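# Summary of the model geometry
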Amino acid sequence: MLEVTLKQELPGFTLDVSFEVPTGLTVLFGRSGAGKTSIVNAVAGLSRPQAGRIVADGRVLLDTDAGTCLPPHRRRIGYIFQEGRLFPHMTVRRNLAYGARFAPRDAPREDMGRVVEMLAIGDLLDRRPGALSGGEKQRVAIGRALLAAPRLILADEPLAALDEERKGEILPYFERLRDEVQVPILYVSHAASEVGRLATSVVALADGKVLRQGSAAEVLGDPAVLPAGAREAGAILAARVVRHHADGLTELEAGGVPLFLPRIGRASGAPVRLRIAAHDVILSRDLPRGLSALNILPGTVAALRPGAGPGVMVAVDTPAGRVLARITERSARALDLAEGAALHAIVKTVSVAPGDVGGSGAAA
Amino acid sequence: MIDGVTPAEWEAVRLSLRVATTATLVSLPLGVVVAYALARWRFPGRELLNIAVHLPLIMPPVVTGYLLLLAFGTQGPIGGLLDRAFGVTFAFRWTGAALASGVMAFPFLVRAVRLSIEAVDPKLEQAAATLGAARPWVFLTVTLPLIVPGVIAGTVLAFAKGMGEFGATITFVSNIPGQTQTIPLAIDLALETPGGAARAARLAVFSIILAALALALSEWVSRRVAARVGGRDA
Amino acid sequence: MTPAALSGAAAIALSLAAPAAAEEITVFAASSLTNAMTEIEAGFEAATGHAVTVAFAGSSALARQIRQGAPADVFISANPDWMDAVAADGLLAPGTRVDLLSNALVLIAAKADAAPVEFGPDMDLSALLGNGRLAMALVEAVPAGTYGKAALTSLDQWEAVAPKVAQAKNVRAALALVALGEAPYGIVYATDARAEGAVSVVGHFPADSHPPITYPAAALARSESSLTGDFLAYLRGPAARALFEAEGFTALASADD
């Protein structure tokens, strides 16, 4: 458990945050320049904020009032950098083993073999970083941070330097990290899809302030909290694979509601989480007929939030979970939408990208 | 030509090697520390240190030699202290020639090492810190291996400069065969002595051969190390 | 009016009439002449209004530079050998060579209260030196060094003393080593010892223990300065002689020679 309180004057705005990071993967979610990297660097000890208090597992890492500031090498926080930062003069094996030497004897350690297998880097052990691809480097970076027996893992936009295909490759490894390792992870991102796939809890940041913190489903389902803008908004649903159909669709079930997605590679009965982008959701007062969309969720309006432009964000509570829909003000008025109104949320099967479907990890 | 080499000339060659090697080996650790301090630390007096290190580069060598004489001679504050406390003398001895060579070569060493330290991405050092390495460990395991090519270059440069040092040496410890008469001093003496031209030429050839060997060696080592350090599978 | 004063007055008149025509002359002089020549230089400039540049070094170094083409107009050497070497290359202006000065060789000590040294059959300079060094100019090249070695050889001291000699680049550097106290004893000219207050003379080498110390002066053939004749005459003149003798030199040539 990590508790962070920071105050720092940055060019353009003041960073003033206070939040907690429970076990699991917490995404520090916000636009570029919202102060996320400053926060993470302060937690790691790479920079010293003007005022703040950081406590990890009861150990005080920083307390500006008391004058305590542990140097980075004493904090036992594993950091996965955006650019990997592997040591070019060491083999992958030595890179991985680097931190293990400095970890205290009684610290719970990961087994090197297990980590190598988890990250599928067994073939790379005797290679040097100069000979690795971007994705391979990031996997080694994850392993290296993990093997240093940290009490917390920081990841600063670790996928930002990769192209889409590589991102898709690496995301599952972060999912495994989240699901198989007990160490809490603080993950910085401005990409809603990463948040959707990985987050068990979210701290939404805008202009240096915390908009909301809580479980991923809560925060992403809040129409007032759009840290990355309305275009990136989307709620998360937890579902279970029911069966795969012969025509290339997978049927899932969430809260009793059937959902159809393009074929996903998971076994029957496996839990999944999906992110439904708000701008992919159509609302209808009546149950629609003859519509091509296969996913129709009944629900009631939980909240309405007008945006700066012609749009309005509608939060709909369905048996499958909270869904956000972005529609025009005009339509909202035409449909006479108000809190409590009953309606249907409609999502096209094909609009849910494979990248938005992930292994479970509790979202709620 | 080899037959014409006199014992005195061989002596000058041996002495030059001894003086230059000692000077380089002793100034290496200090040079690396000073280079690191100038490259990575901020402290009051940093600019002064930088200037002090570069003084032998810009002062006339004779002036440097004279200052060494004043400070490290048997009558000087540092020289006298070292003599009384440890029995270490520099005046009129090869140790003084080594000191003169070391001082004159120091700026070259520091510059080369500093440049290579500045080329090391500080982000790598940061990464090492987050993995639990305290500053000395970071230096030993990350910075040092990455600066080895630069250190080699600086060492060879310092060695070559030490082999060629003249003005400060003759002013500080004068010309004493077997103790301070290095190749440059022997050449100078040969040039001033009637009929010494042949001797001067032989010694000059030695000088050139030794310098070329040192350079070739450093190139070879540098290339091998650079490949390993650059992250390519060596 | 004496010829010297006449030429001096004429020079002044000429220089006043045509200030842009001030001539220059470059003199290479042995380093033992430093103090005297500096004053003579000032005197000549004041008397004639012409600029004099004097370069001091060991005579061996000066001779080498002249033979390699250095633009000197006048050369004053501390021994005849180096002047002969320059003459052998045909570089001297004919008829201008003259023996200017003589000097004496002394043994100096760093301590002001050092005991005088007897130059007799019981002399043991090596024992006197102990672990210390004897500062001398380069014994194979610089005149003060060669005279010193000759003197020590004729006194049977050279064999024992040779390993303890610290050879400096020129006699002034040897003097400085003794003045600093780095070397307990040194061999320099009597004129050098007089110029340096921090050393004391503890013995005079007998004049017959070394070849006579003669300082020849000559103009160089390739010189383009018209002042060489005047300068050489000035060196033999009363003003210069007085300055040389005040330093302890013996003037050999006079203006009337």
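Values in this document were obtained by computation on a predicted structure and should not be read as measured data.

## Details of the pattern of salt bridges
The tally for this structure, following the rule as stated, stands at 27 salt bridges over all chains. The salt bridge partner of Lys-169 of chain C is Asp-188 of chain B, with a shortest N-O separation of 3.2 Å. One end of the pair, Lys-169 of chain C, is in the loop between strand S7 (165-168) and helix H8 (171-179); the other, Asp-188 of chain B, is in helix H9 (residues 183-192), on a second chain. Lys-169 of chain C gets classed as partly exposed once you look at its relative accessible area, which sits at 27%. What makes Asp-188 of chain B buried here is its relative accessible area of 10%. In this structure, Asp-89 of chain C engages Arg-67 of chain C in a salt bridge whose closest nitrogen and oxygen atoms are separated by 3.0 Å. Taken together, the residues Asp-89 of chain C in the loop between helix H4 (80-88) and strand S4 (98-102) and Arg-67 of chain C in helix H3 (residues 59-67) connect sequence positions 22 residues apart.

## Focus: the environment of Ile-121 of chain A
Relative to the assigned elements, Ile-121 of chain A resides in the loop between helix H3 (112-119) and helix H4 (134-146). Sequence-distant contacts of Ile-121 of chain A, defined by excluding residues within four places in its chain, comprise Leu-96, Val-116, Arg-139 and Val-140 of chain A.

## Re the sheet that holds strand S13 (residues 249-254) of chain A
All names here are of chain A. Read from one edge to the other, the open sheet built from five strands follows the order S14-S13-S12-S15-S21, with strand pairing classed as antiparallel. Both edges of this open sheet fall to strand S14 (257-262) and strand S21 (357-359), since each of them pairs with a single strand only. Taken pair by pair, the neighbouring strands of this sheet meet at an average axis angle of 40 degrees, ignoring direction. The sheet contact formed by S13 and S14 spans six bridges and is antiparallel. Bridge pairing in S14 places Leu-249 opposite Pro-262.

## Concerning the confidence of the model for chain B
When the pLDDT values of chain B are averaged, the result is 88; 96% of them are 70 or greater. The ipTM assigned to the predicted complex is 0.80, against a pTM of 0.71.

## Description of the pairing of strand S20 (residues 342-347) of chain A
All names here are of chain A. Burial within S20 is extensive, with five of its six residues counted as buried. As judged from the four bridges shared by strand S16 (residues 281-284) and S20, these two strands associate in the antiparallel manner. Across the sheet, the residue bridging to Ile-282 is Ile-346, located in S20. With six bridges joining them, strand S17 (residues 295-306) and S20 adopt antiparallel strand pairing. Across the sheet, Pro-298 pairs through a bridge with His-344, a residue of S20.

## Some remarks on the interface of chain B and chain C
When the parts of a complex come together, some accessible area is lost, and that lost area is often taken as the interface size. Listed by partner, the interface residues are 22 residues for chain B and 18 residues for chain C. In total, chain B and chain C occlude about 1700 Å² of area from one another, counting both sides; carbon and sulfur atoms represent 61% of this. Between chain B and chain C we count one salt bridge in total. Counting across the interface, chain B meets chain C through five residue pairs in polar contact (both at pLDDT 80 or more). When contributions to the side of chain B that touches chain C are tallied by element, the ones reaching two or more residues are helix H3 (61-72) and H9 of chain B. With four residues, the single largest contributor to the side of chain B that touches chain C is H9 of chain B. Taken together, the residues of the side of chain B that touches chain C break down into twelve nonpolar, eight polar and two charged.

## Quick look at the sheet that holds strand S9 (residues 200-204) of chain C
All names here are of chain C. Read across the open sheet, the five strands follow the order S7-S6-S8-S5-S9; overall the sheet is mixed. The open sheet has two free edges, formed respectively by S7 and S9, since each of these has just one partner strand. Going from strand to strand, the sheet's axes swing by 35 degrees on average, the running direction of each strand aside. Seen against the sheet, helix H6 (residues 143-154) touches strand S5 (105-109), strand S6 (134-137) and strand S8 (185-189) and runs at an angle of roughly 125 degrees to S6.

## Some details on unusual backbone geometry
The phi torsion at Ala-120 of chain A lies on the positive side, around 55 degrees, for a residue other than glycine. For Ala-120 of chain A, a relative accessible area of 40% gives the class partly exposed. Phi at Phe-92 of chain B takes a positive value of approximately 60 degrees, unusual for a residue other than glycine. With respect to the helices and strands, Phe-92 of chain B occurs in the loop between helix H4 (77-86) and helix H5 (94-118). The class of Phe-92 of chain B is buried, set by a relative accessible area of 4%.

## Regarding the interface of chain A and chain B
Opposite the 26 residues of chain A that make contact, chain B presents 24 residues. The contact between chain A and chain B buries some 2100 Å² in all, and 63% of this surface belongs to carbon and sulfur atoms. At the surface where chain A touches chain B, the tally comes to zero salt bridges. Elements supplying a minimum of two residues to the side of chain A that touches chain B: strand S7 (77-80) and H4 of chain A. Its residues assigned to classes, the side of chain A that touches chain B comprises 15 nonpolar, four polar and seven charged.

## What to know about the packing of H3 of chain B against H5 of chain B
All names here are of chain B. The geometry of H3 relative to H5 is characterised by a closest axis approach of 11 Å and an angle of 130 degrees between their N-to-C directions. Looking at the two axes, H3 sits oblique to H5. The hand of the H3/H5 crossing is right-handed. On H5, the residues that touch Pro-61, Thr-64, Leu-68 and Phe-72 of H3 are Leu-99, Ala-100, Val-103 and Met-104. A class-by-class count of the residues in the contact of H3 with H5 yields seven nonpolar, one polar and no charged.

## Considering the domain arrangement of chain A
Residue and element names in this part refer to chain A. Each assigned domain of chain A is listed here: domain 1 (2-220) and domain 2 (234-359). Of note, the centres of domain 1 and domain 2, computed from C-alpha atoms alone, are 31 Å apart. Contact with domain 1, which involves twelve residues of that partner, is made by 13 residues of domain 2. For the pair domain 1 and domain 2, the summed buried surface comes to about 860 Å²; carbon and sulfur atoms form 46% of the total. Three residues, Gly-196, Arg-197 and Leu-220, lead the burial of domain 1 against domain 2; their summed loss comes to 54% of the area buried on that side. Taken together, the connections running from domain 1 to domain 2 amount to zero salt bridges. Scanning the region where domain 1 abuts domain 2 turns up five residue pairs in polar contact (both at pLDDT 80 or more). For the side of domain 1 that touches domain 2, the secondary-structure elements that each account for two or more residues are helix H5 (164-180), helix H6 (192-198) and helix H7 (216-220). Counting residues per element, the side of domain 1 that touches domain 2 draws most heavily on H6, at six residues. Tallied by class, residues from the side of domain 1 that touches domain 2 come to six nonpolar, three polar and three charged.

What counts, and where the lines are drawn
Residue indices follow the written sequence of each chain, beginning from 1 at its first position. All chains are assigned letters beginning with A, and all ligands numbers beginning with 1, in the order in which they are written. Local features in this predicted model are restricted to residues whose pLDDT is 70 or higher, and side-chain atom pairs enter the listing and the counts only when it is 80 or higher, whereas totals over whole chains, interfaces and linings include all residues. By convention in this description, side-chain values take in all heavy atoms of the structure and omit both hydrogens and water. For this analysis, a salt bridge means a side-chain nitrogen from Lys or Arg found within 4 Å of a carboxyl oxygen belonging to Asp or Glu. Labels follow the DSSP assignment, with helices taken as runs of H or I lasting at least four residues and strands as runs of E lasting at least two, numbered in each case from the N terminus. For every residue, the accessible area obtained with a 1.4 Å probe (protein chains only) is divided by the maximum for its type, and the residue is called buried under 20%, exposed over 50%, and partly exposed between those limits. Note on definitions: a residue-residue contact is assigned when non-hydrogen atoms from the two residues lie within 4.5 Å. Only when DSSP finds a minimum of two bridges between them are two strands counted as paired. Axes here refer to lines fitted to C-alpha atoms; in helices the fit is confined to the stretch in contact. Angles between the N-to-C directions go from 0 to 180 degrees. Residue-level confidence of the predictor, termed pLDDT, takes values from 0 up to 100. Using a 1.4 Å probe, buried area is obtained as the accessible area two parts lose upon being combined, added over both of them. A 3.5 Å cut-off defines polar contacts: any pair of N or O atoms within that distance qualifies, except that in protein one atom must be a possible hydrogen donor and the other a possible acceptor, and neighbouring residues in sequence count only when both atoms are side-chain atoms. Residues are grouped as follows: Ala, Val, Leu, Ile, Met, Phe, Trp, Tyr, Cys and Pro are nonpolar; Asp, Glu, Lys and Arg are charged; every other residue, Gly included, is polar. Oblique is the label for any angle not under 35 degrees, not over 145, and not in the 65 to 115 range, which are roughly parallel, roughly antiparallel and roughly perpendicular in turn. Left-handed is the label given to a crossing in which the near helix is rotated counterclockwise from the far helix by less than a right angle, and right-handed is the label when the rotation is clockwise. In this document the domain limits rely on a domain assignment from an automatic tool or a database.

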